[in-house]
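Results of the structural survey
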Amino acid sequence: MSQTSGSRTLSFLSFVIPVYNEQATLPFLREQLETWLPTLGDVRYEIVLVDDGSSDNSFAFLTDWANNHPEIKVVSFSRNFGHQAAVTAGLAYASGEAVVILDADLQDPLSAVPDMIRRYEEGYDVVYGQRIARQGETTFKKATAWVFYRLMQKCVYKDLPKDTGDFRLVSRRVVDIVNAMPEAHRFLRGMFAWVGFRHIAVPYVRDERRFGETKYPFSKMLRFAWQAITSFSALPIRLVCFWGALVACFGFLICLYALYSWCVGDTVQGWTSLMGLIAMLGGSCILAIGIVGEYVGNIFEEVKMRPKYLVEKCLNISQPDMETKQSPHGR
Ligand code: UDP
Ligand code: MG
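Residues numbered from 1 in each chain as written. Chains lettered and ligands numbered in written order. Predicted model: local features only at pLDDT ≥ 70, side-chain atom pairs only at ≥ 80, totals over all residues. Heavy atoms only, no water.

1. Side note on the overall build of the protein chain
- Counting secondary structure elements, the protein chain contains ten helices and eight strands.
- Its C-alpha atoms give the protein chain principal-axis dimensions of roughly 90 × 45 × 40 Å.
- Residue burial in the protein chain is summarised as follows: out of 331 residues, 45% are buried.
- In the protein chain, of all internal contacts separated by at least 6 residues, the share reaching a separation of at least 24 is 83%.
- Only carbon and sulfur atoms are counted for the fraction: they give 61% of the accessible area of the protein chain, which is about 17100 Å². (Helix = DSSP H or I, 4+ residues; strand = E, 2+ residues; numbered from the N terminus. Buried < 20%, exposed > 50% of the residue type's maximum accessible area, 1.4 Å probe, protein only. Contact = heavy atoms within 4.5 Å. Areas by Shrake-Rupley, 256 points an atom, 1.4 Å probe, with all protein chains shown as cover.)

Below, the structure is given as structure tokens:
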């Protein structure tokens, strides 16, 4: 496919916003959007809010908001499927010429969107927000994010832009390609990087969350990072092979030493080293099996070919039938 160059004018923009137990944040989101959206001028817009199985009053708020506002579209899941599944659904339901992915807490500010639109109009297909600073986040979260992006870039995927979340503007052709990618384990920012085309960063300062709490506690972050690594790279499994070879070489040296000890009649001693060796080998084997198991588990999830999410209700947008539910446009 040829790359777009030159200029174009954006006429229809979709916003995709995942929502999970955000009742404290949604009034703020609505107010901010209602103040900011008129600055879009002639650009037509729609806002696709994906309720990821919230157990609070988020859906009631969204229902009220969607009432008499046809541009507010709500997709509600049958349960919590996770942030990446919610964004995946939003991308499938969005019909704009370009799509902006936003978090409901507006930590990624709307003020960066005009720059994204300008870059899109210059011909870029993916305009991602790049955090130059993060306000109000713990040193621990900043440090783990820093390590994660560097690790991902060095070992997993060199084209993965660092300090970049899902906040980005994506052209219709890239959205269509990502919608057509069937994998169950979705690490969307990796998938966007994989697709290619013209990418560019828009730097911004990530605000602090003003209402409610993060829906990404440490355990979920860790799971997300591990999913990202194992769905994009065979590096851990290769490292296991390398580790196995290293341990085998070490074991061979120990055998030589044991043989030597036997020759010189010094075989009673060595209980400690023997125990250490057994423990180390046992640990390595379990680790190796665990990592192989992780990949087998991923294959298991993929071959089941279950839907990535289940939609219970839609407001101001038609609910596709079971055949096409992952892409209401039939793509
Ligand atoms: N979210 C979601 N499903 C989940 C967890 C989070 O849809 O299982 C949404 C959440 O409502 C928010 C966005 O994903 O709009 C990012 O979550 P959050 O702000 O809690 O993450 P953080 O900014 O702390 O990394
Ligand atoms: Mg947030």
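Now, onward.
2. Quick word on the packing of helix α3 (residues 83–93) against helix α6 (residues 172–180)
- At a minimum axis distance of 10 Å, the contact between α3 and α6 shows a crossing angle of 125°. Classified by the interaxial angle, the pair formed by α3 and α6 is oblique. The crossing of α3 and α6 is left-handed. Residues Thr-88, Leu-91 and Ala-92 of α3 form the contact with α6, whose own contacting residues are Val-175, Val-178 and Asn-179.
- Its residues placed into classes, the contact of α3 with α6 shows four nonpolar, two polar and no charged. (Axes fitted to C-alpha atoms, helices over the stretch in contact; angles between N-to-C directions. Parallel < 35°, antiparallel > 145°, perpendicular 65-115°, else oblique. Left-handed = near helix turned anticlockwise from the far one by under 90°. Nonpolar A, V, L, I, M, F, W, Y, C, P; charged D, E, K, R; others polar.)

3. Topic: the coordination of the magnesium ion (ligand 2)
- Distances from the magnesium ion (ligand 2) to its protein donors, Asp-105 (OD) and Gln-107 (OE1), fall within 1.9 to 2.0 Å.
- Residue classification places Asp-105 among the buried positions, given a relative accessible area of 5%. (Donors = N, O, S within 2.8 Å, 3.2 Å for Na, K, Ca; no water.)

4. Structural notes on the pairing of strand β7 (residues 199–206)
- Of the two faces of β7, the one lined by Ile-200, Val-202, Tyr-204 and Arg-206 is fully buried and the one lined by His-199, Ala-201, Pro-203 and Val-205 carries no buried residue.
- Direction of pairing for strand β5 (residues 126–134) relative to β7: parallel, over a ladder of eight bridges. The residue bridging Arg-131 from the neighbouring strand is Tyr-204, located in β7. (Pairing = 2+ DSSP bridges.)

5. Structural notes on the confidence of the model for the protein chain
- Of the residues in the protein chain, 92% have a pLDDT of 70 or more, and the chain-wide mean is 85.
- Low pLDDT (under 50) marks residues 322–331, which in the prediction has 20 contacts with non-local residues, meaning those over four places away or in another chain. (pLDDT = per-residue confidence, 0-100.)

6. Overview of helix α4 (residues 113–121)
- Those residues of α4 not exposed but buried are Val-113, Met-116, Ile-117 and Tyr-120. The buried side chains of α4 occupy one side of the element, clustering within an arc of 100° when seen end-on.
- Taken together, the buried residues of α4 touch β1 (12–19), α1 (26–36), β4 (98–101), β5, β6 (168–171) and β7.
- Just beyond α4, the residue with positive phi is Gly-123, at close to 115°. (Arc of directions from axis to C-beta.)

7. Quick look at the environment of Leu-37
- Of note, Leu-37 is situated in the loop between α1 and β2 (44–51).
- Given a relative accessible area of 7%, Leu-37 falls into the buried group.
- Residues within four places of Leu-37 in sequence aside, it is in contact with Phe-15, Tyr-45 and Ile-47.

8. A word on the packing of aromatic side chains
- In total, this model carries eleven aromatic pairs according to the counting rule given.
- With a centroid separation of 5.3 Å and 50° between ring planes, the pair formed by Phe-28 and Phe-211 is classed as tilted. With Phe-28 in helix α1 and Phe-211 in the loop between β7 and α8 (218–232), this pair connects stretches of sequence that are 183 residues apart.
- Of the residues examined, Phe-28 reaches a relative accessible area of 11% and is grouped as buried.
- Here Phe-211 falls in the partly exposed class, since its relative accessible area comes to 35%.
- When the centroid spacing of 5.6 Å and the interplanar angle of 65° are considered together, the rings of Phe-187 and Phe-224 count as edge-to-face. Residue Phe-187 is located in the loop between α6 and α7 (188–195), and its partner Phe-224 is located in helix α8; the two are separated by 37 residues in the primary sequence. Both residues of the pair, Phe-187 and Phe-224, belong to the buried class. (Phe/Tyr/Trp six-rings, centres within 6.5 Å; stacked < 30°, edge-to-face > 60°.)

9. Some points on the pattern of salt bridges
- Enumeration over the complete set of coordinates arrives at ten salt bridges.
- A salt bridge links Arg-119 to Glu-122; the shortest N-O distance between them is 2.8 Å.
- Classification of Glu-122 as partly exposed rests on a relative accessible area of 31%.
- The salt bridge partner of Arg-173 is Asp-125, with a shortest N-O separation of 2.9 Å. With Arg-173 in helix α6 and Asp-125 in the loop between α4 and β5, this pair connects stretches of sequence that are 48 residues apart.
- The exposure class assigned to Arg-173 is partly exposed, which follows from its relative accessible area of 23%.
- Because the salt bridges share partners, they merge into one network encompassing Asp-115, Arg-118, Arg-119 and Glu-122. (Salt bridge = Lys/Arg side-chain N within 4 Å of Asp/Glu carboxyl O.)

10. What about the packing of α3 against α7?
- Where α3 meets α7, the axes come as close as 10 Å, and the angle between the chain directions of the two elements is 50°. Taken together, α3 and α7 sit at an angle that is classed as oblique. Contacts between α3 and α7 involve Gln-84, Val-87, Thr-88 and Leu-91 from the first element and Leu-188, Arg-189 and Phe-192 from the second.
- For the contact of α3 with α7, the residue count by class is four nonpolar, two polar and one charged.

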